[in-house]
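Structure at a glance
Residues per chain, in single letters:
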Amino acid sequence: MAHDAAFSSSHSSFDPSSEALTPPGDSSLWRKDFLLGAATAAYQIEGAATEDGRLASIWDTFSAIPGKVLAGDTGAVACDHYHRWESDLDLLTSLNFEAYRLSIAWPRVMDEAGRPNRKGLDFYKRLLGTLKDKGLQTFVTLYHWDLPQHLEDRGGWLNRDIVYRFADYADLMSRELAGHVDAWATLNEPWCSAFLGYGNGHHAPGLADGRFATQAMHHLLLAHGMAVPVLRANDPASKKGIVANIGRGSANSSSAADGRAAHLFEVQHNAWVLDPLLKGEYPQDLWHLWPGTEPLVLEGDPKTIAAPLDFLGINYYFRTNVESDGGHGMVEVPLEGVERTQMGWEVYPDGLRDLLIGFNRTYPNLPPIYITENGMASDDQVIDGQVNDLQRIAFLKRHFAAVDAAIKEGVDIRGYFVWSLMDNFEWAFGYERRFGVVHVDYDTQRRTPKRSAQLIAKFLSERAAKA
Ligand code: FCB
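Residues numbered from 1 in each chain as written. Predicted model: local features only at pLDDT ≥ 70, side-chain atom pairs only at ≥ 80, totals over all residues. Heavy atoms only, no water.

**As for the nonpolar core**
Core analysis: the largest hydrophobic core is formed by 127 residues, its most contacted members being Trp59, Phe97, Trp157, Phe166, Met173 and Ile413. If you tally residues by element for this core, the top one is helix H9 (residues 210-234), at ten residues. The residues touching Ile413, leaving out its near neighbours within four places in the chain, are Arg31, Phe34, Leu356, Ile369, Ile371, Val403, Ala406 and Ile407. Of all hydrophobic cores here, the second largest spans 19 residues; its members include Phe139, Phe311, Tyr317 and Phe318. (Core = buried A, V, L, I, M, F, W, Y, C linked by side-chain atoms within 4.5 Å. Buried < 20%, exposed > 50% of the residue type's maximum accessible area, 1.4 Å probe, protein only. Helix = DSSP H or I, 4+ residues; strand = E, 2+ residues; numbered from the N terminus. Contact = heavy atoms within 4.5 Å.)

See below:
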């Protein structure tokens, strides 16, 4: 995501009267085999940053540098989920969610020599075992951005050796956790790891060089491709996939140059990741947009990257309006008068529908899709014990409708996870931006389900009760 979009509070097209988010009776979301869950990620919720042998991650290092994270926030405590996981899982089930997407903190489960850290592994075994006992489906992401710092010290995603370190990590996890996991995702949003982490420095490790971004992306995708067969061998019963963030680009005018700019926006945001995964090649237009940044690709890499997938996870948040920069590139032109969230992101559900329908046409081998993240941040306050997050309710309702519309156009979408179960550490924006359907008071760690969570629970209990 462009986590650096400007803040705007205009909510012009928001309709507060449409409170309930239960979909209409003919919606595919009523189907019992359509999975509805909530998502989180390790660094954003766990805390306990130095406990039980956990090593430092690049986000511990990055967030300790003044100016990198809003208000100097870090994930050192976060939602204290490492200690409160049992009551958090009770909360999850009290809201009737049927699935939970979480990530494993690589620095918690392996030491510098690649040996297992039993205490860290036991945490995830207990967590996943409890989720299975409660009857939930478990979606586990191996890498949601918290690279062990000692690997970054050896070049991180710029050093090809990381591909083998990641395969070792996938091997250990799938041997230890086989039977506890319904679906494995290798990576969360390689676009963010590569572009924000190595291309513009907005995320850890904070490097800013276009050539770094493309090489980091190549190693991320290669690590994914190496890990998939390892996961298959160790845990044949589970699904294997990857999670990509996708973005809609729109042209600021009907000119050919602006049309090309919108196309290039989607090339760098979507095709940069999806083409190598699903076509076995990078989109050539990427090198027109970013001349001279081709990564070093060795023989056999494209085939490894294009390992067959059981599912594709899609994270969708907003649209970006662009125009030509007069040269070979594009530049963002924020639209006036559109509804935006606390992040400044435009609320644009049609983008999700249109992208999904487009991918279904572009990629004949498109695997079944899960929406692994969708949601929004708002400045939610607890008033008399209630959080009335009306904008989120309307947001979710409209995105449910977009998913249903894509299914009706023939896209094979199997589930939807709201981002996020609870407010958490929103990367470079720290704790200010609240994405949860459950509010977290960071002084007391008190959790308060927002109105959106209550309405999701209501829909899910109605759905479960249907014959
Ligand atoms: C996505 C990330 C997730 C969260 C949301 C808002 O890019 O995967 O961790 O930060 O954005």
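There is more to say, and it comes next.
**Re unusual backbone geometry**
Residue Ala204 is joined to Pro205 through a cis peptide bond whose omega torsion reads 5 degrees. Summarising the element assignment, Pro205 is placed in the loop between helix H8 (190-199) and H9. Here Asp80, not a glycine, exhibits a phi torsion of approximately 55 degrees, which is positive. A residue is classified by how much of its surface remains accessible, and Asp80, at 13% relative accessible area, is buried. A positive phi angle, near 70 degrees, is found at Asn96, a position not held by glycine. Topologically, Asn96 is positioned in the loop between helix H3 (81-94) and strand S2 (99-103). Note on Asn96: relative accessible area 29%, which makes it partly exposed.

**Section: the packing of H8 against H9**
Between H8 and H9, the shortest axis-to-axis distance is 8 Å and the interhelical angle comes to 150 degrees. Overall, the two elements H8 and H9 adopt an arrangement that is roughly antiparallel. Judged by the sense of rotation from one axis to the other, the crossing of H8 with H9 is right-handed. Here H8 contributes Pro190, Trp191, Ser193, Ala194, Phe195, Tyr198 and Gly199 to the contact with H9, which in turn contributes Phe212, Ala213, Ala216, Met217, Leu220 and Leu221. For the contact of H8 with H9, the class distribution of residues is eleven nonpolar, two polar and no charged. (Axes fitted to C-alpha atoms, helices over the stretch in contact; angles between N-to-C directions. Parallel < 35°, antiparallel > 145°, perpendicular 65-115°, else oblique. Left-handed = near helix turned anticlockwise from the far one by under 90°. Nonpolar A, V, L, I, M, F, W, Y, C, P; charged D, E, K, R; others polar.)

**Side note on the pairing of strand S10 (residues 438-441)**
Across four bridges, the pairing between S10 and strand S11 (residues 446-449) is antiparallel. Bridging from a neighbouring strand, His439 pairs with Thr448 of S11. Between the end of S10 and the start of S11, which pair antiparallel, lie four residues, with Gln445 showing a positive phi angle near 60 degrees. (Pairing = 2+ DSSP bridges.)

**Notes on the packing of aromatic side chains**
The relative placement of two aromatic rings is captured by the distance of their centres and the angle of their planes. All chains considered together, the criterion is met by 33 aromatic pairs. Relative to Phe417, the ring of Phe139 lies with its centre 4.9 Å away and its plane at 55 degrees, an arrangement referred to as tilted. Note that Phe139 is positioned in strand S3 (residues 137-143) and Phe417 in strand S9 (residues 413-419), a separation of 278 residues in sequence. Here Phe166 and Tyr169 contribute two aromatic rings whose centre-to-centre distance is 5.9 Å and whose plane-to-plane angle is 70 degrees, an arrangement assigned as edge-to-face. Taken as a pair, Phe166 and Tyr169 lie in helix H7 (residues 161-177) at a separation of three residues, close to a single helical turn. Note on accessibility: Phe166 and Tyr169 belong to one class, buried. By the ring-pair criterion, three or more aromatic residues cluster together here, those being Tyr43, Trp59, Phe62, Trp145, Phe425, Trp427, Tyr431 and Tyr442. The ring of Tyr82 has Arg108 sitting right over it, with the charged end atom 4.1 Å from the ring centre. One Lys or Arg, Lys466, reaches over the ring of Trp30 and ends 4.9 Å from the middle of that ring. (Phe/Tyr/Trp six-rings, centres within 6.5 Å; stacked < 30°, edge-to-face > 60°. Lys NZ or Arg CZ within 6 Å of the ring centre and 35° of its normal.)

**As for the packing of H8 against helix H10 (residues 256-278)**
The geometry of H8 relative to H10 is characterised by a closest axis approach of 10 Å and an angle of 125 degrees between their N-to-C directions. When the axes of H8 and H10 are compared, the pair comes out oblique. Considering how the two elements wind past one another, H8 and H10 form a crossing that is right-handed. Residues Pro190, Trp191, Ala194 and Phe195 of H8 form the contact with H10, whose own contacting residues are Gln268, His269, Trp272 and Val273. A per-class count over the contact of H8 with H10 returns six nonpolar, two polar and no charged.

**A few points about the side chain of Arg108**
Secondary-structure assignment places Arg108 in helix H4 (residues 106-109). A polar contact is formed between the side chain of Arg108 and the backbone oxygen of Ala48, at a distance of 3.2 Å. Setting aside chain neighbours within four positions, we find Arg108 in contact with Glu46, Gly47, Ala48, Glu51, Arg54, Tyr82, Asn117, Gly120 and Tyr124. (Polar contact = N/O pair within 3.5 Å; in protein donor to acceptor, adjacent residues only side chain to side chain.)

**Let's talk about the site of the ligand**
Taken together, 13 residues sit near the ligand, with Gln44, His144, Asn188, Glu189 and Glu426 positioned nearest. Between the ligand and Asn188, the relevant distance is 2.9 Å, taken from an oxygen atom to a side-chain nitrogen or oxygen of the residue. Glu373 is positioned such that a nitrogen or oxygen atom in its side chain is 2.9 Å from an oxygen atom of the ligand. When the ligand is considered free in solution it has 300 Å² of accessible area, and contact with the protein chains removes 100% of it. Taken together, the residues of the shell around the ligand break down into six nonpolar, four polar and three charged. (Near = heavy atom within 4 Å. Areas by Shrake-Rupley, 256 points an atom, 1.4 Å probe, with all protein chains shown as cover.)

**A word on the state of the cysteines**
Tallying each qualifying case throughout the model produces zero disulfides. Distance from the sulfur of Cys79, which forms no disulfide, to the nearest cysteine sulfur (Cys192) is 19 Å. For Cys79, a relative accessible area of 0% translates into the label buried. (Disulfide = S-S within 2.5 Å.)

**Details of the pattern of salt bridges**
Taken as a whole and judged by the stated rule, the model has 33 salt bridges. Of the charged contacts, one joins Glu373 and Arg101 as a salt bridge, the two residues approaching to 2.9 Å between their closest N and O atoms. Highlighted residues: Glu373 in strand S8 (residues 369-373) and Arg101 in strand S2, separated in sequence by 272 residues. Using a relative accessible area of 4% as the deciding quantity, one classes Glu373 as buried. Of the charged contacts in the structure, one is a salt bridge between Lys408 and Asp404, with a shortest N-O distance of 2.8 Å. Of this pair, Lys408 and Asp404 both sit in helix H14 (residues 390-408), separated by four residues, roughly a single helical turn. Given a relative accessible area of 48%, Lys408 falls into the partly exposed group. Classification of Asp404 as buried rests on a relative accessible area of 10%. (Salt bridge = Lys/Arg side-chain N within 4 Å of Asp/Glu carboxyl O.)

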